[in-house]
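Each chain, written out:
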Amino acid sequence: MKTHMKLTAIASALLLTACGAEPILEQPPTYDAPTEAVSRVSSGEPESEESTEVEETTDALIGYGGEALERESFVRSPNETDPNSNWVKCETDYGFIAVFDGNIYNSYDNPEKFDFENWECTESCEAASGGDLIIGVGDEVGGLTCSRAGSHYCMAPGILDEPHLFLSFACFDGEAEVTGYVYRCYGDEAYMDDGQLLFYPDGDSWRGLPVPCRTEYFTYLMNDGGFVHAPFQISLGTVYDYPSLDIERDIPQGSTAHMRFVLKDIGLAYGDGDFSGFTISSAVIVSSEKISD
C-alpha cells in the first residue's frame, strides 16, 4: 500500500499542476480535426475506418490515439540543461480518458468476491470496455464538461523513434454525486499528509463518469483490513481542507468510512515518465454524508 501511496503523492502534485491556475501548456499546437483511432467524446460514436487512417508520409508520426503528429512539433524542452541530450517533446491541447462502465468491488459489501488469504479479488474486471477516448475543451461526458486537457509526447531519435505518451490530463467542470469508501491516512504513511483522504467509489457509483486512460484494476488494502478492487483512487485533499463539513467527525483519524459525496473539479491524469505508468485522480468535496451500514 505504501508504494501506491508514494505514487499518489507524487502524481497528485503533477495533477494539481496540470489542473491548477497556472497553465502548463503555454502555446500548445492546435489540432482542429486530429485523425483518431478512437472516438471523440463529444460525438459518442466511433470514427469510420476512412477517418482513422493516417496518410502515410515520411514525416508522419502516430500518437497514442492514432492521431497524426507533425514531426516539426517535437522540440527540445527549454528546461533541458544537458547539451548532449537528444530528447524532444510535443505538447497538445487534448488528452485521453475512458468512460467507466464496470463495477468496483470491496470486501465490506462483496466479501464473497475476495480471497482474504492472498489479498486478491476473485472477480475478473474490465474498467472501460469502450477503450480510451480523445477529449478536448468543451467535450462533455457523464454530465461533466472538459475545462482543460493536454498531452505530452517525447522522443529521442536513435533511442526512442516513436512518440511516447508520458503525460495526459483532463480537468472537468460540473458536479457528480457518488458513494464509496474513504481511507483517512494517519500521516505516517509514506509521502502522505496527515488527514489525507483517498476515495474509492463503490459498485457502479462511478459508471458513466470519466477515468484516466490506460486504467487497470488493483486491489487496495484499507487501513481497517478491508479490500477494495478498483481501477483508480481519487485524492480528495485532507480533512482540514473542509472546515465547514463534518468530515473530521465522520471519518476519524486512521479510519475508513462509507460516504456519499457531491464532487467537483474532477481531474484525471496518466503519467509514464519511467515507462512504468500510473494514474491519478483528484476532486474537491462539495457536500458529504456518512452512510449508516
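Going by the structure above, here's the rest.
What counts, and at which threshold
Residues numbered from 1 in each chain as written. Predicted model: local features only at pLDDT ≥ 70, side-chain atom pairs only at ≥ 80, totals over all residues. Heavy atoms only, no water. Helix = DSSP H or I, 4+ residues; strand = E, 2+ residues; numbered from the N terminus. Buried < 20%, exposed > 50% of the residue type's maximum accessible area, 1.4 Å probe, protein only. Lys, Arg positive; Asp, Glu negative; His and termini not counted. Salt bridge = Lys/Arg side-chain N within 4 Å of Asp/Glu carboxyl O. Contact = heavy atoms within 4.5 Å. Pairing = 2+ DSSP bridges. Axes fitted to C-alpha atoms, helices over the stretch in contact; angles between N-to-C directions. Phe/Tyr/Trp six-rings, centres within 6.5 Å; stacked < 30°, edge-to-face > 60°.

Visitor: Please give an account of the side chain of D202 that cites residues and values.
Guide: For D202, the location among the structural elements is in the loop between β13 (196-201) and β14 (210-212). Buried D202, no salt bridge; nearest opposite-charge side chain is R260, N-O distance 7.9 Å. Excluding residues within four positions of it along the chain, D202 makes contact with I104, N106, D109, T179, G180, Y181 and H258.

Visitor: Describe unusual backbone geometry, with residues and values.
Guide: Most of the time, phi is negative for any residue but glycine, and the peptide bond is trans. Even without being a glycine, W119 presents a positive backbone phi close to 55°. If you check the backbone angles, R214 has positive phi at about 55° while not being a glycine. Tracing the backbone shows R214 in the loop between β14 and β15 (218-221).

Visitor: How would you summarise the sheet that holds β14 if you had to cite specific residues and measurements?
Guide: What the 3 strands build is an open sheet, ordered β8-β4-β14; its pairing is antiparallel. Edge strands, defined here as strands with exactly one partner in the open sheet, are β8 (132-136) and β14. Averaged over all pairs of adjacent strands, the angle between their axes in this sheet comes to 55°, without regard to strand direction. Bridge count for strand β4 (residues 94-99) against β8 is 5 bridges, and the pairing is antiparallel. Bridging across to β8, I97 finds its partner in L133.

Visitor: Lay out the pattern of salt bridges in plain terms, naming residues and giving numbers.
Guide: Pairing between side chains becomes possible if they bear opposite charge and their charged atoms approach one another. Here the structure, examined in full by the defined rule, presents 8 salt bridges. Between E91 and K89 there is a salt bridge whose closest N-O contact spans 3.2 Å. E91 sits in the buried class, given a relative accessible area of 17%. A salt bridge links R260 to E177, with the nearest nitrogen and oxygen atoms 3.6 Å apart. Here the residue R260 occupies a position in strand β18 (residues 256-271), and E177 occupies one in strand β12 (residues 175-184), the gap between them amounting to 83 residues. Within the structure, one salt-bridge network assembled from shared partners comprises E177, R260 and E289.

Visitor: Summarise the packing of aromatic side chains; cite the residues concerned and give the values.
Guide: On inspection of all chains with the given rule, the structure shows 12 aromatic pairs. Ring geometry for F114 and F116: centres 6.4 Å apart, planes at 50°, overall tilted. With relative accessibility at 42%, the residue F116 sits in the partly exposed group. Arranged with centres 5.8 Å apart and planes meeting at 65°, the rings of F116 and F227 form a pair that is edge-to-face. Placement of F116 in the loop between β6 (114-115) and β7 (120-121) and of F227 in strand β16 (residues 227-230) is noted, with a sequence separation of 111 residues between them. Connected via pairs of aromatic rings, a cluster forms that spans F114, F116, W119 and F227.

Any functional reading would require information beyond the geometric quantities listed.
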